[in-house]
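# What the coordinates show
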Amino acid sequence: MKPSIILVAATRLLVVLLLLFSVFMLWRGHNEPGGGFIGGLIGATGFILYAIACGADATREALRVRPEFIAMGGLATSLIAGLISAPFGDAFLTGQWLFFGGSEGEKGFPISTVLLFDIGVYAVVMGSALSIVFALEDEVE
Amino acid sequence: MEPLLAILVGAMVAAAIYLMLDRNLLRFLFGLILISNAANMTIFAAGRLTPERPPLVPVGAKAPLTDVANALPQALVLTAIVIGFGLFAFALVLALRAYDNLGTLDTSEMRLAEPRSENDT
Amino acid sequence: MSWLLILPILIPFCTAIPAFFAGGNAQLSARISLAGSAIGLVAALVLFCQVHDQGVIAGQMSGWAAPFGITLVADMLSAIMVVITAITGLAVAIYALGEIDDNQSELGYHALFQILLAGVTGAFLTGDLFNLYVWFEVMLIASFGLLIMGGRAEQIDGAVKYVALNLVSTILFVSGVGLLYGETGTLNMADLSRAVAEHPDQGMMVLISLLFMIAFGVKSAVFPLFFWLPASYHTPSFAVSAVFAGLLTKVGVYALIRSFTLIFTSDPGITHTILLWVAGFTMVTGVLGAAAQSDFRKVLSFHIISQIGYMVLGLALMTPLALVGSVFYLVHHIIVKANLFLIAGISEKLTGGSNLYKIGGLYGAAPLLAALFLIPAFSLAGFPPLSGFWAKYILVKASLDTQAWLIAGTALVVGLFTIFSMTKIWAEAFWKEHPDEITPEPPMDGTALWPRYAAVIFLALLTVAIGLVPQPFLELAETASAQLLDPSAYIAAVLGEPVEAAQ
């Protein structure tokens, strides 16, 4: 079945928006509702929409990397985030914080292993959701 | 609120078991997703339903200022939903594969791994 | 201290990632997996030595205090199970060098295998019921992937039943967790031990404990919840089914032992009586089911069920000696069962089939394999001086001590039937001539058989060692049993000293 031209045209815009929104969700997840899991799902939705409009093969090409690799990369990122606490003598997964430009009374710009962990979760969720969807698409075709 | 939720969970479990007793694999899976949502609802209700605020600590404070909802069951439900979602997606792909490979979704017809008579193999 | 506890879980995870990215190169991937398993065994042994010297150790991940944080605990039972998991993992990783082909490697066999090991180890080390659920799922998802790898119709068929019943058990488990949290307000196992005992409504606690019993019962394949096991265990590749047979059901047994010695001990009149009946029926149905089978691995699958009955028996009796028997049986069974499945793999490679009536002549073709088969087979049936004899002996003695004549008799008769099944495999696969008048030959396609033999010999030596020198293993099992029956050291290690808890 040929996908409708409206869907294909709209997808090009929507995919960008969805991916941007997914990163936004990931970013705000630390102190407000959001986070890596929901971000990853939204990101996956973007590619799933693309797969519906243009087919699984085109999406694979657009992704450039196998979704399983994204998931495994995410797992590695999360593990690293947990392991960073080792040199500081803390327990596994203890959050480590770095404040850029911090001064008296001013916290500065915080970078933490918690965010790194969340990025890992984002990749795991996106990768595994996409690999399942691709498996389904392949079965149907 | 809890009794109402308990009745809802009961109804969901009843419907789920009815579906799961079916021979059709797809209906079984629908039953499964229904019962897993009933389980999630149970956890949610186990944390007590309160008309309080979300469990967020405002900027500058070290603890929530007013009574807040119990955050732990919500975290548990979230984890359970995530895992349930993953497992269910896998089960769906498996059902599709089963239909492709075995040509049926009737579980009593799926006798390849356990043939009725050993000499069939 | 907490790093010591997390390392046996982290190492398989860290191995899985390079093993997955190297998946296209089967040899490299298999070697990474092997190296990871070897390092994992070292980490497990270090943990074991610490527990042996210092008693129960506990750690809080990410530094949140118990009962709120993620707790890992290792008492003697956990430490023993972690070591035995690492040993099985190493043996199967060696075996996989010979069996896993490029295709399976590219699909991620080695990565999934390592994640499975991580899940199993996590389940043994966690000190929190909800995390136990999460580790069960890690294990389950990895096992799904391994089970359908290759995608033959038979595998899909087995997987449907495996997935369906395990998902039901998962949901019962999570409902139980929810209800228990609602009643007690905690999920930390050490904290629960106190909270459940003090709870005013003990009837409710028994009811919840039954939910857990059913959930863990499905996982450990006890009567009447075992039907997924013989439906699926004979379908995947041999390296996969060996690690399933050795470890997966035993995690269920471990969870039963843990929850019914630490948490739900208030009304053993109900829970442990049910467990006793379950144990008896499991032993009998398993062994009778095996007698009717003609496939090498199906016979072995039914024997897993029958053997689970023995382990549950020890838990049901709840005497110090009976628990020693359970722990000893767990260790013995994991090694022996994994080994038998690996031997089934070699025999299939040599004879080209696994239906016992259609193969034969292995004794003449591979006398070494025949000798190696006899060790785990006789151990399974309980011949002295192999490990199975001591395990059965302790359990039967424990049941006689409590005047449980019926169950002691059942255990002995089931042992007899086990010999029947093992003799049947021996007679059909090894002793009789091949029905097609051909002599089984090692395939000439250059497939290396040595890694497979190495794995089998490694496990067989362990069986012999436990059998000939049972004393140190018995002492370890006694320590484990003492800690199970008196969980105060466990609780103190997790929650801190009682004085601190009161503040």
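Refer to the preceding data block for the structure.
Reference entry: report on the structure contained in this document. Since the structure is predicted, the reported quantities are computational estimates derived from the model, not experimental observations.

This part is about the overall build of chain B. Scanning chain B from N- to C-terminus turns up three helices and zero strands. Along chain B, from the amino end to the carboxyl end, the secondary structure elements read α-α-α. Taking 121 residues into account, the globule formula puts the C-alpha radius of gyration at 14 Å, and chain B, at 21 Å, lies well above it. The C-alpha extent of chain B, read off along each of the three principal axes, is 75 × 30 × 20 Å. The buried share among the 121 residues of chain B stands at 35%. When contacts within chain B are restricted to residue pairs at least 6 apart in sequence, those whose partners lie at least 24 apart make up 51%. Carbon together with sulfur atoms contributes 64% to the accessible area of chain B, which is approximately 7,100 Å² in total. Within chain B, the 10 negative side-chain charges are centred at a point lying 7 Å from the centre of the 8 positive side-chain charges.

With that settled, consider the interface of chain C and chain B. Listed per partner, the contact involves 38 residues of chain C and 35 residues of chain B. Buried surface at the junction of chain C and chain B, both sides included, amounts to about 3,100 Å², of which 73% is carbon and sulfur. Counting across the chain C and chain B interface gives zero salt bridges. Summed over the shared surface of chain C and chain B, the result is zero residue pairs in polar contact (both at pLDDT 80 or more). Partitioning the side of chain C that touches chain B into residue classes produces 21 nonpolar, ten polar and seven charged.

Of the pockets and cavities examined, the second largest pocket occupies roughly 1,100 Å³. Along its surface, the second largest pocket is lined by 41 residues, and Ile17, Met20 and Ile35 of chain B together with Val168 and Leu172 of chain C are the ones closest to its centre. When contributions to the lining of the second largest pocket are tallied by element, the ones reaching two or more residues are helix 1 (2–20) and helix 2 (25–46) of chain B together with helix 7 (153–184) and helix 9 (202–220) of chain C. Residues of the lining of the second largest pocket, tallied by class, amount to 29 nonpolar, five polar and seven charged.

Right, let's get into the pattern of salt bridges. Pairs can form between side chains of opposite charge whenever their charged atoms are close. All names here are of chain C. Under the defined criterion, the tally for this structure stands at nine salt bridges over all chains. In this structure, Asp75 and Arg258 form a salt bridge, with 2.8 Å as the shortest nitrogen-oxygen distance. Placement of Asp75 in the loop between strand 2 (70–74) and helix 3 (76–99) and of Arg258 in helix 11 (residues 238–263) is noted, with a sequence separation of 183 residues between them. The class of Asp75 is buried, set by a relative accessible area of 2%. Arg194 is the salt-bridge partner of Asp191, the closest N and O atoms lying 2.8 Å from each other. Here the residue Asp191 and the residue Arg194 both occupy positions in helix 8 (residues 189–198), the gap between them amounting to three residues, near one helical turn. Connected through salt bridges with shared partners, the residues Asp191, Arg194 and Glu198 form a single ionic network.

On to the environment of Leu276 of chain C. All names here are of chain C. Structurally, Leu276 is set in helix 12 (residues 268–291). Residue Leu276 is classed as partly exposed on the basis of its relative accessible area of 26%. Setting aside residues no more than four positions away along its own chain, Leu276 makes contact with Leu313, Ala316, Leu317 and Ile407.

What counts, and at which threshold
Residues numbered from 1 in each chain as written. Chains lettered and ligands numbered in written order. Predicted model: local features only at pLDDT ≥ 70, side-chain atom pairs only at ≥ 80, totals over all residues. Heavy atoms only, no water. Helix = DSSP H or I, 4+ residues; strand = E, 2+ residues; numbered from the N terminus. Rg over C-alpha atoms; globule rule 2.2 N^0.38 Å. Buried < 20%, exposed > 50% of the residue type's maximum accessible area, 1.4 Å probe, protein only. Contact = heavy atoms within 4.5 Å. Areas by Shrake-Rupley, 256 points an atom, 1.4 Å probe, with all protein chains shown as cover. Lys, Arg positive; Asp, Glu negative; His and termini not counted. Charge placed at Lys NZ, Arg CZ, Asp CG, Glu CD. Buried area = accessible area lost by both parts, 1.4 Å probe. Salt bridge = Lys/Arg side-chain N within 4 Å of Asp/Glu carboxyl O. Polar contact = N/O pair within 3.5 Å; in protein donor to acceptor, adjacent residues only side chain to side chain. Nonpolar A, V, L, I, M, F, W, Y, C, P; charged D, E, K, R; others polar. 1 Å grid on protein atoms, 1.4 Å probe; cavity = no way out; pocket = protein on both sides within 12 Å on 5 of 7 lines; lining within 4 Å. Points joined across faces, edges and corners; volume = space filled by probe spheres on them.

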